[in-house]
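Single-letter residue listing:
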Amino acid sequence: MADQEEWSSNANEALEISFVQAAPGSLKTLSSFHPQFTYPIFGDEERIFGYQSLKLNLRFAAHDLRPNLEVLYDKKFKAVGDTKATDIEETLKEWVPEYTFEKLGAFTSHIQNDTSASSFKPPGELLETYQSKGRNFEIWSGELTDPTVQRLVERIQIMISFFIEGGTPLLLDDQDWTLARWRVYFVYEKLSNLPSPNTSPYSIVGYSTSYRFVTYVPTASSKSSTQDFTLPPPTPISPASLPSRARISQFLILPSHHSHGHGTHLYNAMVKTFRASHTCTEITVEDPNEAFDDLRDYCDYKHLLDNGTLARIFLRTDIDPKLSARKIGVRVPTSKLLDMPLLETLRKKNKIAPRQFARVVELYLLTKIA
Ligand code: ACO
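Fair warning: this is a prediction, and the values are worked out from it, not measured in the lab.

K.L.:
Just give me the short version of the overall build of the protein chain, but keep the residues and values in it.
P.N.:
A tally of regular secondary structure across the protein chain gives 13 helices and 15 strands. Among the 370 residues that make up the protein chain, the fraction classed as buried is 46%. In the protein chain, the share of contacts with a sequence separation of at least 24, taken over all contacts with a separation of at least 6, comes to 68%.

K.L.:
Hey, could you go over unusual backbone geometry for me, with residue numbers and the actual values?
P.N.:
The phi angle of most residues is negative, glycine excepted, and most peptide bonds adopt the trans form. Positive phi is not limited to glycine here, since Glu46 has a value of about 55 degrees. With respect to the element layout, Glu46 can be found in the loop between helix H3 (39–42) and strand S4 (47–49). The phi torsion at Lys351 lies on the positive side, around 60 degrees, for a residue other than glycine. Here Lys351 is to be found in the loop between helix H12 (340–350) and helix H13 (354–369).

K.L.:
Kindly report on the environment of Leu242, identifying the contributing residues and their values.
P.N.:
In this fold, Leu242 is placed in the loop between strand S13 (227–229) and strand S14 (244–253). Classification of Leu242 by relative accessible area gives buried; the value is 19%. Residues Leu242 and Gln157, 85 residues apart in the sequence, show an inter-C-alpha distance of 29 Å.

K.L.:
Which residues make up the packing of H12 against H13, and what are the values?
P.N.:
Viewed as axis vectors pointing N to C, H12 and H13 meet at an angle of 115 degrees, and their least axial separation amounts to 10 Å. When the axes of H12 and H13 are compared, the pair comes out roughly perpendicular. Between H12 and H13 lies a crossing of right-handed hand. Residues Leu343, Leu346 and Arg347 of H12 touch H13, and the partners they reach there are Pro354, Phe357 and Val361. Among the residues making up the contact of H12 with H13, the classes are represented as five nonpolar, no polar and one charged.

K.L.:
Quick rundown of the pairing of strand S7 (residues 67–72)? Include the residues and the values.
P.N.:
Pairing of strand S6 (residues 55–61) with S7, which is carried by six bridges, proceeds in the antiparallel orientation. Bridge pairing in S7 places Asn57 opposite Glu70.

K.L.:
Before we move on, can you summarise the pattern of salt bridges with the specific residues and values?
P.N.:
Enumeration according to the criterion identifies 15 salt bridges in this entry. Between Lys190 and Glu138 there is a salt bridge, with its nearest N and O atoms 3.9 Å apart. Placement of Lys190 in strand S11 (residues 182–190) and of Glu138 in strand S10 (residues 135–143) is noted, with a sequence separation of 52 residues between them. According to the relative accessible area criterion, Lys190 is partly exposed, its value standing at 31%. Because the salt bridges share partners, they merge into one network encompassing Arg245, Glu282, Glu344, Arg347 and Lys348.

K.L.:
Which residues make up the nonpolar core, and what values do they have?
P.N.:
Judged by nonpolar contacts, the single largest core of 49 residues is most densely connected at Phe19, Leu144, Ile158, Met159, Phe162 and Phe186. If sequence neighbours within four positions are ignored, Ile158 has contacts with Ile41, Leu58, Phe60, Leu92, Trp95 and Val96. Ranked by size, the runner-up nonpolar core spans 22 residues in total, among them Ala246, Ile248, Met270 and Val271.

Cut-offs and rules
Residues numbered from 1 in each chain as written. Predicted model: local features only at pLDDT ≥ 70, side-chain atom pairs only at ≥ 80, totals over all residues. Heavy atoms only, no water. Helix = DSSP H or I, 4+ residues; strand = E, 2+ residues; numbered from the N terminus. Buried < 20%, exposed > 50% of the residue type's maximum accessible area, 1.4 Å probe, protein only. Contact = heavy atoms within 4.5 Å. Axes fitted to C-alpha atoms, helices over the stretch in contact; angles between N-to-C directions. Parallel < 35°, antiparallel > 145°, perpendicular 65-115°, else oblique. Left-handed = near helix turned anticlockwise from the far one by under 90°. Nonpolar A, V, L, I, M, F, W, Y, C, P; charged D, E, K, R; others polar. Pairing = 2+ DSSP bridges. Salt bridge = Lys/Arg side-chain N within 4 Å of Asp/Glu carboxyl O. Core = buried A, V, L, I, M, F, W, Y, C linked by side-chain atoms within 4.5 Å.

Note that every value here comes from positions in space, so none of it alone points to a role or purpose.
Dropping the structure here:
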């Protein structure tokens, strides 16, 4: 029986992700890092069996995200009965496009000779440009029905499994009306001082996806409350013209760009489009994690502070002469302390989901009684 330790590698350590661009003579690496999780791909133990000194180099062209996997090792375990080395290509093939497994030389030469790279633009419309630490960034947004958007998502979405606990890739071969509900938002750095004429000025920073839930608004005679449904309504009404909730689904900034404000810019750009939409009634988030909650709290708080919403919220201290601000929440129900109809009006105006609005209002009130 093979010695597990000798022939087994930690998948998170063995796999290195890098973003590259064309440069004279070779590819230039702009950033590289390891995945945080590989259990969805290599199993709960996150181990790859059957290789010594295994190294998996997963490279992406920084602009159009063309992927390439290079597998390096000193020795591969020779199969004994049912015990054989993990078939890396077979394991990864449902996560990445087929051409990911082309030879490194072919990938390198494709990037070096790609004369279209210098004119590459991210797909969709340009939503925003901004600067961070003296560098230039752009946020673009396109519909998932756009083949270029689809191709970029197909290439990059393995990152969702690498960095978002429980995150799952989108089904890109779904029916058109399902794909039509989705939008994708890309953050790119716009580079200057390019090393070669075939170098694209664009380099990916992160991306996010969102979809629309058509909102069923009950009539006065209907007893059921407002609810979401995912099926399209009967034709001829276009789902795009019906009231809907926007749901942020996957949200990722690449590790090399963390804590530079890109998540904040991306979130704000997304919610700005939702707030400007005539059909979007509310902004929701699918399974946010703690880091995303922090970002969302900060952005929503700042938005409500800047547009004067929070300044309109007061604690009522007139309802009970014995009540002082310090006793809030201990003796009096919130509904008596706050003007609930006003809060609901403010919430709807800002299109913030009820729980999130309550969180932000609570944060604000804490600053008042601290
Ligand atoms: N003052 C105080 N805090 C601030 C401020 C401010 N002015 N601005 C932002 N923040 C805080 C946050 O708490 C956080 O603090 P930290 O960077 O010091 O840790 C910081 O903002 C993050 O802000 P950004 O720099 O704008 O965010 P970043 O670009 O790093 O993106 C994100 C954050 C998206 C969570 C990123 O870390 C990431 O992609 N992580 C891996 C994937 C992930 O977890 N995605 C979310 C999954 S949930 C979902 O997909 C719905």
